[in-house]
Amino acid sequence: LRDAGVDEATTTKIVADFKDAQLDALRAGLLIVAFIALGALLFTRRLPDKLPVDEDLGTPDSGTTASSDPGEVRASAERGEPSADGPGEARDRYSP
């Protein structure tokens with residue numbers, strides 16, 4: 001602004017207005033994100049809150065012994081072990 005010939009008082013006012021506009025935009029953006037997050041909570045109402053129970057044993061279902069580590073899943077698939085997804089599906093998903 002100095003190169004454009006604007007005096008110091010006007011430059012200070014422009015910079016202050018720009019700073020205020022940036023803060024207002026940041027506050028508005030954070031408010032929108034907060035509303036989206038609160039709206040997303042509405043969709044979590046139907047999530048299960050209990051572990052599945054094995055009908056035969058009356059204990060929580062252990063599910064599968066498959067590892068959540070992709071490297072372990074790949075190693076299991078390479079050894080030919082079946083996965084929770086079915087034979088070959090883990091291999092297909094994690095193959096390079």
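Residue numbering note: each chain is counted from 1, following its sequence as written. Two thresholds apply to this predicted model, a pLDDT of at least 70 for residue-level local features and 80 or more for giving and counting side-chain atom pairs, whereas whole-chain, interface and lining totals are computed over all residues. To get the side-chain values, all heavy atoms of the structure are used, and hydrogens and water are removed first.

1. Remarks on the overall build of the chain
Regarding its fold elements, the chain presents three helices and zero strands. Taken from the N to the C terminus, the helices and strands of the chain come in the order α-α-α. The helix count covers DSSP runs of H or I at least four residues long, the strand count covers runs of E at least two residues long, and both are numbered beginning at the N terminus.

2. Points about the pattern of salt bridges
Whenever a carboxyl oxygen of Asp or Glu lies within 4 Å of a side-chain nitrogen of Lys or Arg, that contact is scored as a salt bridge. Counted under the stated rule, the structure contains two salt bridges. Its salt-bridge partner being Arg27, residue Asp24 comes within 3.5 Å of it at the nearest N-O pair. One end of the pair, Asp24, and the other, Arg27, are both in helix H1 (residues 8-42), three residues apart, so they sit about a helical turn from each other.

3. Description of the side chain of Thr11
Here Thr11 lies in helix H1. In this description, contact between two residues means that some pair of their heavy atoms is separated by no more than 4.5 Å. Aside from chain neighbours lying at most four places away, what touches Thr11 is Leu1 and Val6.

4. Thoughts on a nonpolar patch on the surface
Nonpolar side chains (Val, Leu, Ile, Met, Phe, Trp, Tyr) are joined into patches within 5 Å and like charges within 9 Å, using only residues with over 30% relative accessible area and no salt bridge. Each accessible area value is a Shrake-Rupley result obtained with a 1.4 Å probe; residue values ignore everything except the protein chains displayed when judging cover. A surface patch of nonpolar side chains, amounting to about 440 Å² of accessible area, comprises Leu31, Phe35, Leu38 and Leu41. Here Phe35 is to be found in helix H1.

5. Observations concerning the confidence of the model for the chain
Residue-level confidence of the predictor is what pLDDT reports, using numbers from 0 through 100. Scored by pLDDT, the chain has a mean of 75; 56% of the residues are at 70 or more. Ranking the helices and strands of the chain by mean pLDDT puts H1 first, with 95, and helix H3 (residues 89-94) last, with 50.

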